[in-house]
Amino acid sequence: MGKKTHMVAMLLLLAIFMVACRGSVVSETTTEQTSETKVVTVGFSQLGAESDWRSANTDSMLQALSKENGYNLIYKNGQQKQANQVTALRMFIQQEVDYIVLAPETETGWDFVLQEAKDAGIPVIIVDRRVDVADRSLYTCWVGSDFELEGQKMAAWLHEYTEKAGIASSDLHIVNIQGTIGSSAQIGRTRGLSNAVREYGWDLLAEESGDFTEVRGREVMASFLREYDNINVVYCENDNEAIGAIDAIEAAGKRVGSDIKNGEIMVVSFDGINAQALEYLKQGKISCIAECNPLHGPRVQALIETLESGGTPEKYNYVAETLFSSVPEITSVTIGEETYSVDIVK
Ligand code: GYE
């Protein structure tokens, strides 16, 4: 081999070596970058821990937005106070999280802090209850239930019941143990009942908040029973209140059940996640439950994944839900054009 050829061969080898080195450096950096961008930091502000529904909802969120699934989740429990939730959101903004997920206590009072999140360029996903803000671009999307439809379904079920049992509308004497006042779940469920009261001429004796808790459900029911002696339907805006209300009714020496013609007091409620309430449903102590599905974790995860891949999710994402009942005669209810089947529980 001549000197020149030798030099060329050496240069060639060097060039190959350098390319190989660069290749490996580049691919190393790329791997590092991908594994870094894979961790998505989410700040989740949960409103509190008032009910079994809420606990199931929190668990579902923590499971879906887990480390194993590629998330760094900062979870804050608002302890039933909007001020705590606002503080949590401000902290998430300070920490420059990638996404904020908010399960708001009540609908109003979010404009300022959501504007701050928007100014910081952080997308906000609302989960469960809604926010009532003048500018809807302050949040990216929402996922949850149609609470008014839940109320309408329950009212339609009660109407079917009176028809089948041959009970006059004016003989339905209802008390409503409402949820947390100003929360979407309360607003929608109360509205579903009020509209039916107007439409059918039912006797709505009283409405008072039981704050979605068992303790308040018991207290409110006990005071209703002291005030009225003709209550025959208790509309509880969640299962925990229903459990409390049943305690109060039985403690007052009265019977719960669907046979209101023979003096039983009918209890109906919302959620269908609480084991005790489902047991009461089987026993006939609760006559009907409008399902409210709390398992939003995977839904929120899917919304984040859509956003991460550059997509635009639907603004409003509704969850399909059913009615559960132990009264076998009513197998479906109709609202407008839609017919909803009732899952009969035995
Ligand atoms: O029905 C109740 C809870 O916002 C749908 O809040 C939720 C409601 C749920 O505490 O049990």
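Residues numbered from 1 in each chain as written. Predicted model: local features only at pLDDT ≥ 70, side-chain atom pairs only at ≥ 80, totals over all residues. Heavy atoms only, no water.

(A) Representation of the pairing of strand β8 (residues 233-236). In β8, alternate side chains face the same way, and those of V233 and Y235 on one face and V234 and C236 on the other are all buried. Sheet analysis places β8 next to strand β9 (residues 266-271), joined by 3 bridges and oriented parallel. Across the sheet, Y235 pairs through a bridge with V268, a residue of β9. With helix α8 (residues 239-251) bridging β8 and its parallel neighbour β9, the resulting β-α-β unit is right-handed. (Buried < 20%, exposed > 50% of the residue type's maximum accessible area, 1.4 Å probe, protein only. Helix = DSSP H or I, 4+ residues; strand = E, 2+ residues; numbered from the N terminus. Pairing = 2+ DSSP bridges. Right-handed = clockwise from strand over helix to strand, strands pointing away.)

(B) Representation of the packing of aromatic side chains within the structure. Tallied over the full model, the rule gives 7 aromatic pairs. Among the aromatic residues, ring-to-ring pairing joins Y139, W142, Y316 and Y318 into one connected group. The cationic tip of K153 hangs over the ring face of Y340; the distance from NZ or CZ to the ring centre is 5.0 Å. Here K315 stacks its cationic end above the ring of Y139, 4.6 Å away from the centre of that ring. (Phe/Tyr/Trp six-rings, centres within 6.5 Å; stacked < 30°, edge-to-face > 60°. Lys NZ or Arg CZ within 6 Å of the ring centre and 35° of its normal.)

(C) Representation of the site of the ligand in the model. Taken together, 13 residues lie near the ligand, and E50, S51, R129, N238 and D271 sit nearest. In the environment of the ligand, an oxygen atom lies 2.8 Å from a nitrogen or oxygen atom belonging to the side chain of S51. Out of a free accessible area of 300 Å², the ligand has 100% covered by protein chains. One can see that the ligand is located within the largest cavity. Looking at the shell around the ligand, the elements that each hand over two or more residues are α2 (52-64) and α6 (184-200). (Near = heavy atom within 4 Å. Polar contact = N/O pair within 3.5 Å; in protein donor to acceptor, adjacent residues only side chain to side chain. Areas by Shrake-Rupley, 256 points an atom, 1.4 Å probe, with all protein chains shown as cover. 1 Å grid on protein atoms, 1.4 Å probe; cavity = no way out; pocket = protein on both sides within 12 Å on 5 of 7 lines; lining within 4 Å. Sits in = over half its atoms within 2 Å of the grid points.)

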